[in-house]
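The lines below spell out each chain.
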Amino acid sequence: MRTPRIGVALPIIAPYAGPEAVVTIAQATERLGFHAVSAADRLLIPVGPHWNNDAGLPETHVWESLEMLTWAAACTRRIRVTTGIVNSIFQPPIVLARRLATLDQLSKGRLDVGVGQGGGTRLPPFYIPEEFTASGVPPARRGAGFVEHVAAMRACWAPDPVEFEGEYYRIPPSKVGPKPWGTTIPLLFGAITRRTIERAARIGDGFITTAVNWDDTRTQVGWYRDAGGTGTVVVNTIPIRPGAEISEAAFVDAALADLERARELGADEVHIVLNLLPLTADEQVELLEALAARL
């Protein structure tokens, strides 16, 4: 069983995000021989006593993932750019399909897309209600509406004329472009429950999860494979958790251990998350260089 490909999460979280930081991390990722960079999606962070942040999300704002990935693609030539994930149902399918196809064209086919239906918590209801309120999308759009959203985007990437008729979305007969660089764009589903993971196996091109607990991650990947999923499995890992002591040796040992765990459960890619830590882009690069020297 081969070692998973390595991706690196871009610095998208304030105050360490910014154009120079993205260039620094993206070019270092390419120079060190890693596979991809990724960026996640978060509309907002609620405030008030009801917000318990059980998933440990950053309490500062997050820069827009597609723009950050476009910037990363513009300053590199080889590495892939991955949304890990974009909450697709917050945008009309034709709008998001065109944005993704534009990035795929600009990067000459280097885009992989992780999609989700809200998320942000690891406990029921598994989403942040305030994000649905702010985007004008009812939470009931999750589930069947998310499935239809995926189908509508794929319809936009198919040859013209495009036409889609569903319960939630309708695209009249139209010419829609740009089309992807290739025939389509891979859609990897972000999921944590058995039902949503089995959906990823049925209609997705892969599955994305975050290794908060490796026993849970092993179970999730097992659900995906048992349901017939044959696509790419991406595991986001956090080698050093926020608040822990940061050192080069601790990071490298933890990252290597995560890579071995991911290899044992059959993951195809591991995306290393450093952007939760209070580190500049240059400090993150130093850690990544130390890891590359040990591989």
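Our structure is the block above this text.
What you see is a predicted model, and the numbers here were worked out from it, not measured in a lab. (Residues numbered from 1 in each chain as written. Predicted model: local features only at pLDDT ≥ 70, side-chain atom pairs only at ≥ 80, totals over all residues. Heavy atoms only, no water.)

Caption draft 1: Quick look at the nonpolar core. Core analysis: the largest hydrophobic core is formed by 82 residues, its most contacted members being Leu 10, Leu 100 and Phe 251. Among the elements that make up this core, the one with the highest residue count is helix H5 (residues 144–157) (7 residues). Residue contacts for Phe 251: discarding those within four places in its chain leaves Pro 239, Ile 240, Ile 272, Leu 274, Leu 287, Leu 288 and Leu 291. (Core = buried A, V, L, I, M, F, W, Y, C linked by side-chain atoms within 4.5 Å. Buried < 20%, exposed > 50% of the residue type's maximum accessible area, 1.4 Å probe, protein only. Helix = DSSP H or I, 4+ residues; strand = E, 2+ residues; numbered from the N terminus. Contact = heavy atoms within 4.5 Å.)

Caption draft 2: Structural view of the sheet that holds strand E9 (residues 232–237). Here we have 8 strands rolled up into a closed barrel, ordered E1-E2-E3-E4-E7-E8-E9-E10, and parallel in their pairing. Neighbouring strand axes in the sheet, compared pairwise and without regard to direction, differ in orientation by 25 degrees on average. Of the strands in this sheet, strand E8 (206–210) and E9 touch helix H7 (residues 214–226), which is tilted by about 170 degrees from E8. (Pairing = 2+ DSSP bridges. Axes fitted to C-alpha atoms, helices over the stretch in contact; angles between N-to-C directions.)

Caption draft 3: Layout of helix H8 (residues 248–264). Taking 1.5 Å per residue, 17 residues should reach 24 Å; H8 reaches 24 Å between its end C-alpha atoms and fits that length. Regarding H8, the residues found buried are Phe 251, Val 252, Ala 254, Ala 255, Asp 258, Leu 259 and Ala 262. Contact partners of the buried residues in H8: strand E1 (5–9), H7, E9, strand E10 (269–272) and helix H9 (281–294). Remark: Gly 266 follows H8 within two positions and exhibits a positive phi of approximately 85 degrees. (Expected span 1.5 Å × (residues − 1).)

Caption draft 4: Here's a closer look at the pattern of salt bridges. With the rule as written, the count across this model stands at 15 salt bridges. The partner of Asp 268 in a salt bridge is Arg 225, with the nearest N and O atoms 3.5 Å apart. Linking Asp 268 in the loop between H8 and E10 with Arg 225 in helix H7, this pair joins segments that are 43 residues apart in sequence. The class of Asp 268 is buried, set by a relative accessible area of 14%. The structure contains a network of salt bridges with shared partners spanning Arg 2, Arg 225 and Asp 268. (Salt bridge = Lys/Arg side-chain N within 4 Å of Asp/Glu carboxyl O.)

Caption draft 5: View of H5. Between its terminal C-alpha atoms H5 stretches 20 Å, which fits the 20 Å expected from 14 residues at 1.5 Å a residue. Where burial is concerned, most of H5 is hidden: 10 out of the 14 residues are buried. Buried residues of H5: Gly 145, Phe 146, Glu 148, His 149, Val 150, Ala 152, Met 153, Ala 155, Cys 156 and Trp 157, and no others. Contact partners of the buried residues in H5: helix H3 (93–106), strand E4 (111–116), strand E5 (162–165), strand E6 (170–174), strand E7 (187–190) and helix H6 (194–203).

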